[in-house]
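An overview of the molecular structure
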Amino acid sequence: MCGIVGVVGGKSVTSLLIDGLKSLEYRGYDSAGIAVINNSEAINIKQVGQVELLERKTNESSLSVAKIGIGHTRWATHGEPTITNAHPHSNADGTVFVVHNGIIENYKEIRRILEKDGYTFISQTDTEVIPHLIDYYLKSNSDFKDAFIKALNDLSGSYAIAAIYTKTPDSIYVARLSSPLLIGVGKDQNYVASDASAIINHTQKVIYLKDYEMATVTTKKVQVHNFKRKADVKPEPESLDFDLEKARLGDFPHYLLKEIFDAPETIKLASAGRIRPKSNIVKLAGLESVQEQLKYIDRIVIVACGTSYYAGLVGEYLIEEIAGIPVEVQVASEFKYRNEPFSKNTALIAISQSGETADTIAAINKVQDYGVLKLGVVNVVGSTISRITDAGVYCHAGPELSVASTKAFIAQVTVLLEIALSLSDGKSKLYKPLINELAEIPTKLISILNQSDKIESLAKKYSKYRDFLYIGRGYAYPCALEGALKLKELTYIHAEGYPAGEMKHGPLAMIDSNFPSFVIATGSSLTEKTLSNVSEIKARGGPIIAVVSEGNKSIKNYTGDVIYIPKTLEQTQPLLVGTVLHLFAYHMAVILGKNVDRPRNLAKSVTVE
Ligand code: G6P
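What counts and how
Residues numbered from 1 in each chain as written. Predicted model: local features only at pLDDT ≥ 70, side-chain atom pairs only at ≥ 80, totals over all residues. Heavy atoms only, no water. Disulfide = S-S within 2.5 Å. Buried < 20%, exposed > 50% of the residue type's maximum accessible area, 1.4 Å probe, protein only. Salt bridge = Lys/Arg side-chain N within 4 Å of Asp/Glu carboxyl O. Helix = DSSP H or I, 4+ residues; strand = E, 2+ residues; numbered from the N terminus. Expected span 1.5 Å × (residues − 1). Contact = heavy atoms within 4.5 Å. Domains from an automatic or database assignment. Buried area = accessible area lost by both parts, 1.4 Å probe. Polar contact = N/O pair within 3.5 Å; in protein donor to acceptor, adjacent residues only side chain to side chain. Phe/Tyr/Trp six-rings, centres within 6.5 Å; stacked < 30°, edge-to-face > 60°.

Further remarks concern the state of the cysteines. For the structure shown, the criterion picks out zero disulfides. In this structure cysteine 305 is a free cysteine whose sulfur lies 15 Å from that of cysteine 395, the closest cysteine sulfur available. Taking the relative accessible area as the measure of exposure, cysteine 305 reaches 23% and is therefore partly exposed. Cysteine 395 sits in the buried class, given a relative accessible area of 1%.

Inspection of the entire model under this criterion finds 22 salt bridges. Across the salt bridge formed by glutamate 418 and arginine 274, the nearest N and O atoms sit 3.6 Å from each other. In this pair, glutamate 418 sits in helix α14 (residues 407-424) while arginine 274 sits in the loop between α8 (263-271) and β16 (275-276), placing the two residues 144 residues apart along the sequence. Of the two residues examined, glutamate 418 and arginine 274, each falls in the buried class. Beyond isolated ion pairs, a larger network of salt bridges with shared partners links Arg299, Glu328, Arg338 and Glu340.

Another aspect to go through is helix α18 (residues 527-539). For α18, built from 13 residues, the straight-helix expectation of 18 Å at 1.5 Å per residue is met to within 8% by its first-to-last C-alpha distance of 18 Å. At its buried positions, α18 is contacted by β23 (467-472), β25 (517-521) and β26 (544-549). At the C-terminal side of α18, glycine 541 shows a positive phi close to 80°.

Entries for the protein chain in the domain assignment read domain 1 (3-242), domain 2 (255-444) and domain 3 (451-597). Placing the centre of domain 1 and that of domain 2 at their C-alpha centroids yields a distance of 32 Å. The contact between domain 1 and domain 2 buries some 1,300 Å² in all, and 61% of this surface belongs to carbon and sulfur atoms. Applying the counting rule to domain 1 against domain 2 returns zero salt bridges. Between domain 1 and domain 2 we count one residue pair in polar contact (both at pLDDT 80 or more) in total.

The next thing to look at is the packing of aromatic side chains. Counted according to the given criterion, the structure contains 16 aromatic pairs. On the numbers, 5.9 Å between centres and 65° between planes, the contact of tyrosine 212 with phenylalanine 227 is edge-to-face. Within this pair, whereas tyrosine 212 is found in the loop between β11 (205-208) and β12 (213-217), its partner phenylalanine 227 is found in the loop between β13 (222-226) and β14 (231-233), the two being separated by 15 residues in sequence. Relative to phenylalanine 518, the ring of tyrosine 470 has its centre 5.0 Å away and its plane inclined at 5°; by these criteria the two rings are stacked. Here tyrosine 470 is found in strand β23, whereas its partner phenylalanine 518 is found in strand β25, with 48 residues between them in sequence.

Below you can see the structure in the form of structure tokens.
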């Protein structure tokens, strides 16, 4: 999600703003920018992609002596990730600069009114109304603080805002409503930020702004005002007990466990601003520039490696069922050597957490000359894949540090579901139910995470086995493949994922009391069929762990080792099942004493073919 940082005072604020933006990178973003004032003159620099690129741009210009500035990492919601849409936004004469997190719900209305009054808008964002609105009130002889408050009173939605004005080059003005904003109190330098990690290196003394509060922050002073009650508020600084490394890992013993527990937040981050249940809208800013081309797509080829490939398989089921477009998923290392025909109506979707996987990059390069539309589902902003594709949707899962991918899988499946919904153009009967259900998934995931101890006990019981079979049908099948991969990566135990319906065609021969099966039989029209496979396994003495939906009573006839997941639609089950399987593999790895965050022989980013 978007991030805000601001600095006033000291020798030069530019490098502090860049450092602050870098520490906000983990939130996910697709463009960044800063505005600084130097001797009443403002300089506004913006860049699509990584903060590092913005930093290079700032190095080239003469910003070194600015004493006040604001910065922002933007995660596109209204309008594509472009320099024009990136923050800070300004009024026409370049005196007011604003950065904003959140959504201004009535921006279209405000924009219409201001346009009638002669204001011109250059971006597609909701944020741009704010500097123009402030400008509007400044013209009626208000001082900046007045104009700022008047503008705030016109806005509805959620916001954390920071603004600067060339005529008051000693003050940063901030405000919040339902979006975090804090003020860091330093010595001869004060800071504002949406997140403590942006300022923790400079001060531990902070003032948390509350809803309907605005503040004027100068080098020496912080004045807080409640603009709803029209009353000044005495600021109460608190001490921040915040160790950056600890903040990243929290109380978790491993990054892997932390990242598995990030799943509910990951879904929120991957859907914020994109899925709008109230208005029934799915809006993917990253695909807006190719909207026209997407109308003519009659075939989709998904390419990826590892866990991203399995997320792609879930995506295949989703896009075909929801959008009705035929999809084929290929392992990138195979795809690049195949000789298959392409038409101009084909879209290639490359899925990659890192955006740097060599085989996936080679797959994209292969279709370069075919006129194929190249799309990316990528987590790392500004990575190679995000640059060589025509358009794409970022996962916004934040940095994934553990080698084995978990939260990226959750984010990728969420984004693929969003793409399926967006391609269906509202025509699928699943459109509305899925929009509503996705909003429920984070809460349902919490109930799964609460079963971590129970899953650990099961892992203990099964840690003596050296072979595992994971089986499922429908959406549970790609989950079975992902569960088996996670167990292999983390524990080095032999595991295979199989479609449950294929048991009789081979795998059943392996089953005996030393070969357990992990069965995914979550509620669907196929559950009964999967359960008949379970009875075949039981008849051959194979131990069984089952993941089923709450309320399933028949599973007890086959095994007592059951993990229940909350009821959900079949299409959203992979998000819940994936987390169960990730937890099981994690606990097995810990019990077996493996290096969970850094499994042997594996790399996080495989940049060689
Ligand atoms: C490596 C990682 C896996 C990941 C795969 C694809 O094998 O260890 O966790 O799934 O690469 O990586 P990508 O960055 O393209 O998603």
